[in-house]
Amino acid sequence: MNHQGLSAKQVEDFHRDGYVIAKGFYNQQEIAKLQSKAFNDDSLYNRAWDKKDATGTVSKVCLWQELGDDLYSMFSRGRRLTDSVEMLLGEPVVHTTTKIMMKEPFVGGAWEWHQDYGYWCNDNYHLYPKLVSCMIAINKATKENGCLEVLKGSHHIGRINHNKTGDQKGADMTFVDEAIKHHQLVYVELEPGDTLFFHCNLLHKSNQNKSSVPRWVMIPAYCAKSAVPFKENSLNIYPLNKVDDDAILRHTG
């Protein structure tokens, strides 16, 4: 059983704006299952990296590359998501990474202005910027708890040089400051189950979580087959074995 993916209008919006928000992309039952798994999964904390922003405040990120038969993989391998990314990129894709970002109440750090391709290009040797990230809201994302902020249409600028900022790599602020003059700043507030698809050259950031509620998201990322790394690096590419979307609710692990 497969569900509706992106519409032709949403694909058009993505190419114009560099992102598109698919409201209710996952239903309440699916997200409740993901919440139950993630919020009770101590291994996420055990495996997480602490990433400091420019002020030293920490966000936690748990990242993996290989997909299996666990519940998280049922999302990353699901046809609803993977077929939608293939619509956006116009060709078959491979999975690169899935990560869960845990921005905790009051202490969750910021993410500096950056483009994913700003470091994927140099670190992982993707020749072309044909990569899409899919941010699935595990719980509500708001301005108060540090939702993502994007510069609408900024992917048309192309790749900007990135430099070390805390434990992160941030875009050259000379270009970011100029981009802010020309591109609308959008706060990507999401309800659980909403999914943001965004281009690897879209400028984005998030502020610290100064609220009493966490902001958790899962972000599977995909690369067009024509843009897989051309040189050996730390990124391993595994076959993308898709599953039907009912695999999420059928999963018993």
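Just above sits the structure.
Model, not experiment: these values are computed from the prediction.

Rules behind the numbers
Residues numbered from 1 in each chain as written. Predicted model: local features only at pLDDT ≥ 70, side-chain atom pairs only at ≥ 80, totals over all residues. Heavy atoms only, no water. Helix = DSSP H or I, 4+ residues; strand = E, 2+ residues; numbered from the N terminus. Expected span 1.5 Å × (residues − 1). Buried < 20%, exposed > 50% of the residue type's maximum accessible area, 1.4 Å probe, protein only. Arc of directions from axis to C-beta. Contact = heavy atoms within 4.5 Å. Polar contact = N/O pair within 3.5 Å; in protein donor to acceptor, adjacent residues only side chain to side chain. Pairing = 2+ DSSP bridges. Axes fitted to C-alpha atoms, helices over the stretch in contact; angles between N-to-C directions. Phe/Tyr/Trp six-rings, centres within 6.5 Å; stacked < 30°, edge-to-face > 60°. Lys NZ or Arg CZ within 6 Å of the ring centre and 35° of its normal.

K.L.:
Can you tell me about helix 2 (residues 28–39), naming the residues and giving the values?
P.N.:
Given a rise of 1.5 Å per residue, twelve residues ought to cover 16 Å, and the 16 Å separating the end C-alpha atoms of helix 2 matches this to within 8%. Three or more residues of helix 2 are buried, namely Glu30, Ile31, Leu34 and Ala38. Down the axis of helix 2, the smallest arc covering the buried residues is 90°, so these residues share one side. Facing away from the buried surface of helix 2 by more than 90 degrees, the exposed residues are Gln28 and Gln29. The inward-facing, buried residues of helix 2 abut helix 3 (42–47), helix 4 (71–76), helix 5 (79–89), strand 6 (131–137), strand 13 (215–224) and helix 8 (247–250). Measuring from the backbone nitrogen of Gln29 back to the side-chain oxygen at the start of helix 2 gives 3.1 Å, which picks out Asn27 as the cap.

K.L.:
Explain the side chain of Asn139 residue by residue, including any values.
P.N.:
With respect to the helices and strands, the residue Asn139 is situated in the loop between strand 6 and strand 7 (148–151). Within polar-contact distance, the side chain of Asn139 engages the backbone oxygen of Pro214 at 2.8 Å. Ignoring sequence-local partners within four residues, the contact set of Asn139 consists of Gln35, Phe39, Leu190, Pro192, Pro214, Arg215 and Trp216.

K.L.:
Describe the pairing of strand 13, and please don't skip the residues or the numbers.
P.N.:
Of all ten residues making up strand 13, ten are buried, and the element is well covered by its neighbours. Side chains of strand 13 alternate between two faces, with Arg215, Val217, Ile219, Ala221 and Cys223 and Trp216, Met218, Pro220, Tyr222 and Ala224 buried alike. The sheet contact formed by strand 6 and strand 13 spans five bridges and is antiparallel. Bridge pairing in strand 13 links Ile136 to Met218.

K.L.:
I'd love a proper account of the sheet that holds strand 12 (residues 204–206), names of residues and values included.
P.N.:
Across the sheet, which stays open at both edges, the four strands sit in the order 5-12-7-10 with antiparallel pairing between neighbours. Lying at the two open borders of the sheet, with one neighbouring strand each, are strand 5 (111–114) and strand 10 (185–188). Averaged over neighbouring strand pairs, the angle between their axes works out to 20° when direction is ignored. One ladder, built from two bridges, connects strand 5 with strand 12; its direction is antiparallel. Pairing of Trp111 across the sheet is with Ser206, part of strand 12.

K.L.:
I'd like to hear about the packing of aromatic side chains, residue by residue, with values.
P.N.:
By the definition in use, this model includes eight aromatic pairs. Seen in terms of ring centroids, Phe39 and Trp216 are 5.0 Å apart; in terms of plane orientation they differ by 75°. Their pairing is edge-to-face. Placement of the pair is Phe39 in helix 2 and Trp216 in strand 13, with a sequence separation of 177 residues. Between Tyr119 and Trp120 the ring centres are 6.5 Å apart and the planes differ by 75°, which places this aromatic pair in the edge-to-face class. Residues Tyr119 and Trp120 agree in their burial class; the two are buried. Taken together, the ring pairs in this structure connect Phe25, Tyr26, Phe75 and Phe197 into an aromatic cluster. We note Arg80 situated over the ring of Phe25; from NZ or CZ to the ring centre the distance is 5.9 Å. Above the plane of the ring of Tyr187 lies Lys143, whose end atom (NZ or CZ) is 4.5 Å from the centre.

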